[in-house]
Protein chains: 2
Amino acid sequence: MKELEERILNEGRILEGGILKVDSFLNHQIDPDLISRIGVEFARRFEADNVTKILTIEASGIPAAVATAMALHVPCIYAKKVGAKNVSGDVYLSSVHSYTYDKDYTILVSRPYLSCTDRVLIIDDFLACGAAANGLADIVSQAGSYLCGIGICIEKGFQDGGKDLRERGIKVESLAIVKSIDGDKITLEENN
Amino acid sequence: MKELEERILNEGRILEGGILKVDSFLNHQIDPDLISRIGVEFARRFEADNVTKILTIEASGIPAAVATAMALHVPCIYAKKVGAKNVSGDVYLSSVHSYTYDKDYTILVSRPYLSCTDRVLIIDDFLACGAAANGLADIVSQAGSYLCGIGICIEKGFQDGGKDLRERGIKVESLAIVKSIDGDKITLEENN
């Protein structure tokens, strides 16, 4: 998605350890017109998949997921990280490894919101090793829902998450793929 | 806002301790058409205030805040709860007491995204004691921004948050106000 790619190249910054920071427009601060068009683009790419639910994980996946839900007019669910008191016990649980914090955490989705009749599109802002996407896909599987695919704003193509998911036959659509980060230089895959 | 009030009365559930659960349409699972109209309604109520930024707090405030930002075509910032590694040190910090978990936590906003030229509208899903709203208002104050007001989806009118904020001269617009919760019965204030 050309517009997103240009924003990454123009506004993305590299922190120590090769962390790509896009919090001037995608997370932390969000450009609502860009995020609307991201939602429309995901809707276009998954138009034929008869999606009934969008699934993401709090917090940074929510804007793109809500925008996609608006474009497809289907409900959006965000998985909560464990501990929320006002979610009752009737839940799907999965475990996600955080490479940022080097620890595992639990995510949950209330059972009434995902069932075997649902066709689910997972949306997230980033895909690197695929930890969050795999946790969400595990919840889709527990619910007996059909996984239509995974829509990612920015995939780190130099990490294995996208490759692993595609090798399992899952449709992964990334709006921008970072090929490499070398010092301050970001290189994107072309023709994406 | 009649549509939101009807959803609360029809779908809201009361958990032990009088917690109002609206996670079938407002948080956890989100109805994107409702949340779009919530955004349009906040935009209407703050139309004359020349808002330049929307400010909310992760995670449950994000959908309504993004929808409002879409309607007003201004950026949306969500304050992060402390610990996110990829936010650098140049931040505004404030402390918020969580009554749900009975502990204080720190919220942060990166300084580049709020300045003395900004006119800020705070958006959140719930207002009870006002802890989150006060933390966000504190950050607006630290930035030297002008606080246009606070837009709340559901105010618990039987708690003091809204009253305290209004007594300080802050414009608070709540789309639904819960007057009382008695057993399983939710009573809303009329003509809101």
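Structural notes, computed from the coordinates. Please read these numbers as outputs of a predicted model, since none were measured by experiment.

### Description of the relation of the copies chain A and chain B
These two copies of the chain differ by a rotation about an axis and a displacement along the same axis.
Right, on to step 1. Note on the identical chains: chain A maps onto chain B by a rotation of 180° and an axial translation of 0.0 Å, with an RMSD of 0.0 Å. The transformation relating the two chain copies, once decomposed into turn and shift, fits a two-fold axis. Judged by C-alpha distance, A:A59 is the residue of chain A that lies nearest the rotation axis, at 2.5 Å.
Right, on to step 2. The residues that chain A uses at the interface reappear at the interface of chain B in 100% of cases, marking a shared surface.

### With respect to the interface of chain A and chain B
Right, on to step 1. In this complex, chain A contributes 42 residues to the contact, which on the side of chain B involves 42 residues.
Right, on to step 2. Both faces considered, chain A and chain B share a buried interface measuring about 3,600 Å² in area, 58% of it formed by carbon and sulfur atoms.
Right, on to step 3. Considering only the side of chain A, the residues that lose the most area to chain B are A:H28, A:M70 and A:Y113, jointly responsible for 21% of the buried surface there.
Right, on to step 4. Here chain A and chain B share zero salt bridges between them.
Right, on to step 5. Inspection of the chain A/chain B interface yields 14 residue pairs in polar contact (both at pLDDT 80 or more).
Right, on to step 6. Of all the secondary-structure elements, those providing two or more residues to the side of chain A that touches chain B are β2 (19-21), β3 (29-30), α2 (32-45), α3 (62-72), β5 (76-81) and β7 (103-110) of chain A.
Right, on to step 7. Here the side of chain A that touches chain B gets six residues from one element, more than from any other, and that element is α3(A).
Right, on to step 8. Considering only residue class, the side of chain A that touches chain B consists of 23 nonpolar, twelve polar and seven charged.

### Comments concerning the packing of α3(A) against helix α3 (residues 62-72) of chain B
Right, on to step 1. Contact geometry for α3(A) and α3(B): axes closest at 10 Å, N-to-C directions at 65°. The crossing of α3(A) and α3(B) is right-handed. Between α3(A) and α3(B), the contacting residues are A:I62, A:P63, A:V66, A:A67 and A:M70 on the first element and B:I62, B:P63, B:V66, B:A67 and B:M70 on the second.
Right, on to step 2. Classifying every residue of the contact of α3(A) with α3(B) by side-chain character gives ten nonpolar, no polar and no charged.

### Looking at the nonpolar core
Right, on to step 1. Counting residues in each nonpolar core, the largest one holds 74 residues, and the members touching the most others are A:L4, A:I38, B:L4 and B:I38.
Right, on to step 2. Apart from the residues lying within four places of it in its own chain, the contact partners of B:I38 are B:M1, B:L4, B:L26, B:A64, B:C153 and B:L175.
Right, on to step 3. Within the second largest apolar cluster, 28 residues are counted, among which are A:L114, A:L127, A:A137 and A:L147.

### Some details on the pairing of strand β8 (residues 119-127) of chain A
Residues and elements named next belong to chain A.
Right, on to step 1. Among the nine residues that make up β8, seven are buried, leaving the element largely enclosed by the rest of the structure.
Right, on to step 2. The pairing of strand β4 (residues 53-57) with β8 spans three bridges and is parallel. Bridge assignment links L55 to a residue of β8, and that residue is I122.
Right, on to step 3. Between β8 and its parallel partner strand β9 (residues 146-156), the chain crosses via helix α4 (residues 131-143), and the hand of that crossover is right-handed.

Rules used in this analysis
Residues numbered from 1 in each chain as written. Chains lettered and ligands numbered in written order. Predicted model: local features only at pLDDT ≥ 70, side-chain atom pairs only at ≥ 80, totals over all residues. Heavy atoms only, no water. Least-squares fit on C-alpha atoms with pLDDT ≥ 70 in both. Contact = heavy atoms within 4.5 Å. Buried area = accessible area lost by both parts, 1.4 Å probe. Salt bridge = Lys/Arg side-chain N within 4 Å of Asp/Glu carboxyl O. Polar contact = N/O pair within 3.5 Å; in protein donor to acceptor, adjacent residues only side chain to side chain. Helix = DSSP H or I, 4+ residues; strand = E, 2+ residues; numbered from the N terminus. Nonpolar A, V, L, I, M, F, W, Y, C, P; charged D, E, K, R; others polar. Axes fitted to C-alpha atoms, helices over the stretch in contact; angles between N-to-C directions. Left-handed = near helix turned anticlockwise from the far one by under 90°. Core = buried A, V, L, I, M, F, W, Y, C linked by side-chain atoms within 4.5 Å. Buried < 20%, exposed > 50% of the residue type's maximum accessible area, 1.4 Å probe, protein only. Pairing = 2+ DSSP bridges. Right-handed = clockwise from strand over helix to strand, strands pointing away.

Everything listed here is a matter of coordinates, which is why it stays silent on function.
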